[in-house]
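Coordinate analysis (summary)
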Amino acid sequence: MNIKKIAIGCDHGGFAYKDAIIELLVNQDIEVFDFGTDSDASVDYPDFIHPVAENVENENTDLGIILCGSGNGAAMSANKHQGIRAALCWTEELAALARQHNNANIISIPARFVSKELALEMVKTFISTDFEGGRHERRVEKISCI
Ligand code: RB5
């Protein structure tokens, strides 16, 4: 998959990593759509995650990256969208498997539980790994409730 556009969003718990991730993506000639938040002031994560999910679901972007403290609130919000498969990842292997087996279109990063270096490595892996299809295709097609 040739990734050209990525949406990103986070709450205050993920803000510290957002700029470094954007820099990584821009250096790979990827167009980034930044839905905030833009400071470490306390906010409600759904306000910043739903716009990312909508953007990916509407195919305005190829993939999404979301961050909050635990990664769970962000993933739960994104996964309310039927077209979204957001994967909570805390190792590079999980980031690869999320693409290979689940065709995840959003990675959710638990910023308070992984280093910035690991977050960047997971992003690199996520955007450069393809869905394997085959037996996984049938399973992925059964995820949506509609
Ligand atoms: C914010 O303090 C924190 O609750 C949030 O970033 C996230 O971990 C929620 O799931």
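Residues numbered from 1 in each chain as written. Predicted model: local features only at pLDDT ≥ 70, side-chain atom pairs only at ≥ 80, totals over all residues. Heavy atoms only, no water.

**Some words on the layout of surface pockets**
Taken as a whole, the largest pocket encloses approximately 160 Å³ of empty space. Every residue lining the largest pocket is listed: Met 1, Val 56, Glu 57, Glu 59, Thr 61, Asp 62, Leu 63, Arg 85, Arg 99, Asn 103, Ala 104 and Asn 105. A class-by-class count of the residues in the lining of the largest pocket yields 4 nonpolar, 3 polar and 5 charged. (1 Å grid on protein atoms, 1.4 Å probe; cavity = no way out; pocket = protein on both sides within 12 Å on 5 of 7 lines; lining within 4 Å. Points joined across faces, edges and corners; volume = space filled by probe spheres on them. Nonpolar A, V, L, I, M, F, W, Y, C, P; charged D, E, K, R; others polar.)

**Points about the sheet that holds strand 4 (residues 86–88)**
Ordered by their spatial adjacency, 5 strands build an open sheet running 2-1-3-5-4, and the pairing between neighbours is parallel. Lying at the two open borders of the sheet, with one neighbouring strand each, are strand 2 (31–34) and strand 4. Ignoring strand direction, the axes of neighbouring strands in this sheet form an average angle of 20°. Examined bridge by bridge, strand 4 and strand 5 (residues 106–110) share 3 bridges and lie parallel to one another. Residue Leu 88 lies in a different strand from strand 5, and its bridge partner there is Ser 108. The strands that helix 1 (residues 15–27) touches are strand 1 (5–10), strand 2, strand 3 (63–68) and strand 5; relative to strand 1, the one it contacts most, it runs at about 170°. (Pairing = 2+ DSSP bridges. Helix = DSSP H or I, 4+ residues; strand = E, 2+ residues; numbered from the N terminus. Axes fitted to C-alpha atoms, helices over the stretch in contact; angles between N-to-C directions. Contact = heavy atoms within 4.5 Å.)

**Quick notes on the nonpolar core**
In terms of nonpolar packing, the biggest core is built from 29 residues, with Ile 21, Ile 65, Ile 109 and Ile 127 touching the most fellow members. Secondary structure elements with two or more residues in this core: strand 1, helix 1, strand 3, helix 4 (92–100), strand 5 and helix 5 (116–128). Apart from residues no more than four positions distant in its own chain, Ile 109 is found in contact with Ile 21, Ile 65, Ile 66, Leu 67, Cys 68, Gly 71, Cys 89, Val 114, Ala 119, Met 122 and Val 123. (Core = buried A, V, L, I, M, F, W, Y, C linked by side-chain atoms within 4.5 Å. Buried < 20%, exposed > 50% of the residue type's maximum accessible area, 1.4 Å probe, protein only.)

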